[in-house]
Amino acid sequence: MSSAGQPLRLERLTRRLAGLWLVVVLACLAHNAWYWVVHKGAPVTDMLAMLPRDEQRPLAAQATQALADAGSRRISVLIGGGDATQAGLAADAFLKALGDVPARHHVDDANQNAWLSFYAPARAGLLSSQARAQLSSAATEQLADQALAALYQPVGGPRVGAWADDPLGLFGQWLAERAHMSRVRIQDGRLMLTDPAAPEHHHALVLIELPGSGFEIAAQRALQPKLEAATQAAKVLGASVTAAGVPLFAAAAAEQAEREIHTIGLGSLVGIVALTLLAFRSLRPRLLVALSMVVGLGVASSISLLVFGELHLVTLVFGASLLGVAENYGSNYFSARQGLHASERWAMLTRQIPVVSLAMATTVIGYALLALPPFPGLRQIAVFSAVGLVAAFVTVLWWFPLLDGSGRMQPTRFAHWLGSRRALWPSLGRRGIAVLLLASAVVVAWGASRLRVDDDIRQLQSAPASLVADQREFSRLMQAPGLAQFFVVQGESEQQLLEREEALTTQLRALKVDAQAVSDWLPSLRRQREDAALMARRAGEMRPVLAEKLGQPLAASPVQQAVIDPQAWLASPVSEPVRAQWLGRLGQLGNGRDGFTSVVLLKGVDTAQTRSALAALKLDGVSWVDKVGEVSELLGRYRQLMTAVLALGFVLTWIALAWRFGRSAWRALAPTALASVLTMALLAMGGQVLQLFHILPLLILLGLGVDYGIFLLEQPGRTETRPFLSVTLAAASTLLSFGLLALSGTPALQAFGLTLLVGVFLAWLLTPLFMPHA
C-alpha cells in the first residue's frame, strides 16, 4: 500500500489501541481508589526513607533504622524556666490540656523502688569506674581510713544499706554514677532537671508516647491541636515550653509537602489551562490537555505503588511539577492541528509521530537517569516521572485524534501572534555562533571563579527554624547524646556483646569521649564476677585493719548472691534509659550466624579530629557509623559520577539525533549544552552552593531542551509558526511548574526547580539561534 494509505492504517490501529488504553487507565484508576480511599493509604513522610542505604554495611543501615524507629513515637517536652514549684504547676496544666494523649511526668514510689530492688541482689558485683580503679591500686590502710571516714562523717556520699555490709559505700557510688549519666532527677515524684548554665532554673520533663508511628499523617493531625493547646496552657502560667522529637519534624515535613502539592499542582494547572485557553480558545483542547495530565499522574501513581509499595510525599510534590512537562505533548498536538480539517489529522499524525516519539524518548531517558544514584527517593521519582510522561504521551497519541472534534480547528489570534515571534530570532551563522560562544565563555569564567561546592547532607535540612532551635535547646538542657555518629557492636552471644561494649567504652573514656552504652547499666557476667572477686579480696584485706582501728571484730561481708540477667533487665523499668540501644538479634556476623547487636551513643563529637580518631578505633565486633559523613561523601561521589553520566547522555542523544537529522544534529543539541553550562555559571554567580541536586536536573534539561531543537529543526523556517508555538507553550508550561518548584521549602526540590527554571528558559531562548536559514 502507498504512503497515501498510511493515515488509514494509523486510524484503524489507533482505534484498537485506544480501547486497550482505556482498560489500562480504568484499572489504574480503580487501583488508586482502592489504595487511597478503601485501604486508606497515606504518603510516607519519613525523610530517612529518601536517603540511600549502606549496601556495603547493611548492619549500619539496620541500626540507623532501628534507632529512628525507636524515636519515631516519642516527643519529649521540657516545661519551666523558673523555680521547681512553678515548673511543676505548668507541667500539670500542660498534661491536663493534653487530654487523653499518653504522657508521663509523675513517678510513683513503686517505680522509684524498682531500681533499688532490681540491682540490690547483685550489688556485690557492681563497681563504678572510679571505685574499680581505686580498689585496684589503693593501699589497704588508705581504704580502711576511707571506710572509717564514711562511718564517722555526719554527711557523706550516697549510701545504701548498713555500713558493715559496704564500708566503702561502693553500691551507692555505682548508683550515683548511673544517676550522673542523666540530668533528669526525681523530685517530689516528678521528672525534673535544672539548667546546667543556670541551676536556679528548673524544668519539668513530660514524655509523650504515641500509640503508632510518628510518621502517620492521621496521628500527626490528631496530636497537633492538642499539643498546641497544652503548650498554650503552660505558657499562660509564665513557663517556657521546649519540645523535641521525630514526630514534630515529620509533621512539619508533611504539612510543608501537602502545602506545596496544592500550591505547585494548582498553580501549574491554572497556568497551563490559561495558556491553553489563550492559544486554542475552545473548551475541548483545555479539557483534553487536562485529561492527559490527569491520566499521566494517575497511571504514574498506580505503577509506582505497584513497584515500591508506597509513595513518598516528596515524590508527589515532584509529581505535581510534572504537570508542566506532561502538558507538552497535548500542546504540540493542538499546535500542529490548528488550521487543519478533521480529515487531515491522521496525515498530520503520520508526520508527527516519529518527531514526537523521539522527543518523548529523550525526555524519558533524562528522567530515567535519575534512577542511577542509590537514593530510594530519586528512584521513586524517576519511575513516577518516566511512567507519567509515557502515559500522557500515549493518551495524546491514542485518544486525542478520536476526541478532538470533527471540524476545522481555527488558529487563534494569540496563537498566531505567539508563533510569529519566531521571526524575531535571527539564524546565526558561524561568525554569530562564535561571538555567542565567546560571550558565554566570559560568563562561564566569571561563574567558575565564584563556584562553591558543598555536599554536606545538612545543607538539605528543611525543618522550620523554630523546631531546630527547640531541638538544640533541648539537647543543651538534657546533654543528650547525638544520633548522627555512633558505634555498632556485635557479638555471638549477649555476654560477648557486653564484653565488647566494655572494651570499647574503656578506650572511648581514655580518649575523653563521653559514651552512653548498655553495658553501663547491664555489666557483663565477666565484669560482675571480676568486680565481685576484687571487692571480696579488698574487703578481706581491710577487715583486720578496720577491726584493729575499731577495737572490735568485724563479720565478713556477704558474698555475691545474684547476677544481672539481660532478659530480666530488658523487662524491668531500669532498662528504660538505654533500652532502645539494645537491638537484639539484628544482622549476621562474619561467619553467617545471627548475632546480638547494640549501639553505643556519643556526646560532644563535634570536631573532625575527634571523629577521625574514633573512626580509627579497631576492635572485634565494633563498627563506626557516621551517617552524616557517609551520606555527604556519597552525595559528592554521585555528583561527580552524574556529571560524567550527563556528558555520556549528550553523546548518546547526539547519536539518536544524527540518526534522523544527520550532520544537522548538532543544531538541536548545542543550545541545550550551552544552556546547561550557563545555568551552572549563573547559579554560582547568584550565590548558590552547588551539589548533586543541581546536577541531576541537567539530565532532565537535556531531554526537555533537545525537544525544542527537534521540533524547530523539523521545520526550521523563521516564518513557520506552529513549531515555535508548540515549543513556547511547552517551555512556558515547564517554567510554570518548575518555577513554582523553585519556591519549595525542601532544599533538594528547590535546587531542582531553580536549575530547571534557569536552564529551560535559556534552552528556549538559545535554540532558535542555532537553526539553519532555510
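From a predicted model like this one, the values you see are computed outputs, not experimental measurements.

**Considering the overall build of the chain**
The number of helices and strands found in the chain is 25 helices and 11 strands. The globule rule puts the C-alpha radius of gyration for 774 residues at 28 Å, and the 35 Å found for the chain is more than 25% above it. Projected onto the principal axes, the alpha-carbon positions of the chain cover approximately 125 × 50 × 50 Å. A total of 774 residues make up the chain; the buried ones form 51% of that total. When contacts within the chain are restricted to residue pairs at least 6 apart in sequence, long-range pairs at least 24 apart make up 82% of them. Only carbon and sulfur atoms are counted for the fraction: they give 60% of the accessible area of the chain, which is about 34,500 Å². Charged side chains in the chain number 64 positive and 55 negative. The centres of these two groups are separated by 15 Å.

**Some thoughts on the packing of helix 21 (residues 627-661) against helix 22 (residues 665-685)**
Closest axis-to-axis distance for the helix 21/helix 22 pair is 8 Å, and the angle between their directions is 155°. When the axes of helix 21 and helix 22 are compared, the pair comes out roughly antiparallel. For helix 21 against helix 22, the interelement crossing comes out right-handed. On helix 22, the residues touching F650, T653, W654, L657, A658 and F661 of helix 21 are A665, W666, A668, L669, T672, A673 and S676. When grouped by side-chain class, the residues that make up the contact of helix 21 with helix 22 number 10 nonpolar, 3 polar and no charged.

**Overview of the environment of G82**
With respect to the helices and strands, the residue G82 is situated in strand 1 (residues 74-82). You can call G82 buried: its relative accessible area is 17%. Remark: the alpha-carbon pair of G82 and L602, spanning 520 residues in sequence, is separated by 30 Å.

**With respect to the pattern of salt bridges**
The full count for this structure, using the stated rule, is 22 salt bridges. Two residues, E541 and R538, come together in a salt bridge whose shortest N-O distance is 2.7 Å. Of the two residues, E541 and R538 are both situated in helix 18 (residues 525-550); the distance of 3 residues between them amounts to about one turn of the helix. The partly exposed category is assigned to E541, whose relative accessible area is 30%. In this structure, E714 engages R660 in a salt bridge whose closest nitrogen and oxygen atoms are separated by 2.8 Å. With a gap of 54 residues between them, E714 in helix 23 (residues 692-714) and R660 in helix 21 connect regions that are remote in the sequence. Accessibility expressed as a relative area gives 33% for R660, which makes it partly exposed.

**Looking at the nonpolar core**
Ranked by internal contacts, the top residues of the largest apolar core, which has 115 residues, are L370, L657, F693, L696, Y708 and F752. For this core, the element with the most residues is helix 23, which contributes 16 residues. Leave out the neighbours within four places in its chain, and Y708 touches V727, A730, A731, T734, V760, A763, W764 and T767. Counting 31 residues, the second-largest nonpolar core is a separate cluster that includes W521, V574, F596 and V622.

**Notes on helix 10 (residues 283-308)**
Between its first and last C-alpha, helix 10 extends 37 Å over 26 residues, near the 38 Å set by a 1.5 Å rise per residue. In the segment just after helix 10, G309 is the residue with positive phi, at about 85°.

**Describing the side chain of D520**
You can see D520 is positioned in the loop between strand 8 (514-516) and helix 18. For D520, a relative accessible area of 9% puts it in the buried group. Within polar-contact distance, the side chain of D520 engages the side chain of R509 at 3.0 Å. Not counting the four nearest positions on each side in its chain, D520 is found in contact with W174, R178, M181, R509 and A515.

**With respect to the packing of aromatic side chains**
Enumeration over the complete set of coordinates arrives at 16 aromatic pairs. Aromatic pair Y333 and F400: ring centres 5.6 Å apart, planes at 80°, arrangement edge-to-face. A residue pair is termed long-range when its members are at least 10 positions apart, and Y333 in helix 11 (residues 313-337) and F400 in helix 13 (residues 376-403) qualify at 67 residues. Relative accessible area serves as the criterion here: at 0%, F400 is assigned to the buried category. When the ring centre of F661 is taken as reference, the NZ or CZ atom of R660 above it lies at 5.9 Å.

**A short note on the pairing of strand 10 (residues 594-603)**
Within strand 10, 9 of the 10 residues are buried, which leaves it mostly tucked inside the rest of the structure. Note: strand 7 (residues 482-491) against strand 10, 7 bridges, orientation antiparallel. Its bridge partner lying in strand 10, F487 is registered against V600.

**Concerning a nonpolar patch on the surface**
A surface patch of nonpolar side chains, about 580 Å² in accessible area, is lined by L648, V651, L652, W654, I655 and W666. Here the nonpolar patch gets 5 residues from one element, more than from any other, and that element is helix 21. Secondary-structure assignment places V651 in helix 21.

**Remarks on the packing of helix 23 against helix 25 (residues 747-766)**
Between helix 23 and helix 25, the shortest axis-to-axis distance is 8 Å and the interhelical angle comes to 30°. Judged on the interaxial angle alone, helix 25 and helix 23 are roughly parallel. Note on packing geometry: the crossing formed by helix 23 with helix 25 is right-handed. On helix 25, the residues touching F693, H694, L696, P697, L698, I700, L701, L704, G705 and Y708 of helix 23 are A748, A751, F752, T755, L756, G759, V760, A763 and W764. A class-by-class count of the residues in the contact of helix 23 with helix 25 yields 15 nonpolar, 4 polar and no charged.

Analysis parameters
Residues numbered from 1 in each chain as written. Predicted model: local features only at pLDDT ≥ 70, side-chain atom pairs only at ≥ 80, totals over all residues. Heavy atoms only, no water. Helix = DSSP H or I, 4+ residues; strand = E, 2+ residues; numbered from the N terminus. Rg over C-alpha atoms; globule rule 2.2 N^0.38 Å. Buried < 20%, exposed > 50% of the residue type's maximum accessible area, 1.4 Å probe, protein only. Contact = heavy atoms within 4.5 Å. Areas by Shrake-Rupley, 256 points an atom, 1.4 Å probe, with all protein chains shown as cover. Lys, Arg positive; Asp, Glu negative; His and termini not counted. Charge placed at Lys NZ, Arg CZ, Asp CG, Glu CD. Axes fitted to C-alpha atoms, helices over the stretch in contact; angles between N-to-C directions. Parallel < 35°, antiparallel > 145°, perpendicular 65-115°, else oblique. Left-handed = near helix turned anticlockwise from the far one by under 90°. Nonpolar A, V, L, I, M, F, W, Y, C, P; charged D, E, K, R; others polar. Salt bridge = Lys/Arg side-chain N within 4 Å of Asp/Glu carboxyl O. Core = buried A, V, L, I, M, F, W, Y, C linked by side-chain atoms within 4.5 Å. Expected span 1.5 Å × (residues − 1). Polar contact = N/O pair within 3.5 Å; in protein donor to acceptor, adjacent residues only side chain to side chain. Phe/Tyr/Trp six-rings, centres within 6.5 Å; stacked < 30°, edge-to-face > 60°. Lys NZ or Arg CZ within 6 Å of the ring centre and 35° of its normal. Pairing = 2+ DSSP bridges. Patch = residues over 30% accessible without salt bridge, like charges linked within 9 Å, V, L, I, M, F, W, Y side chains within 5 Å.

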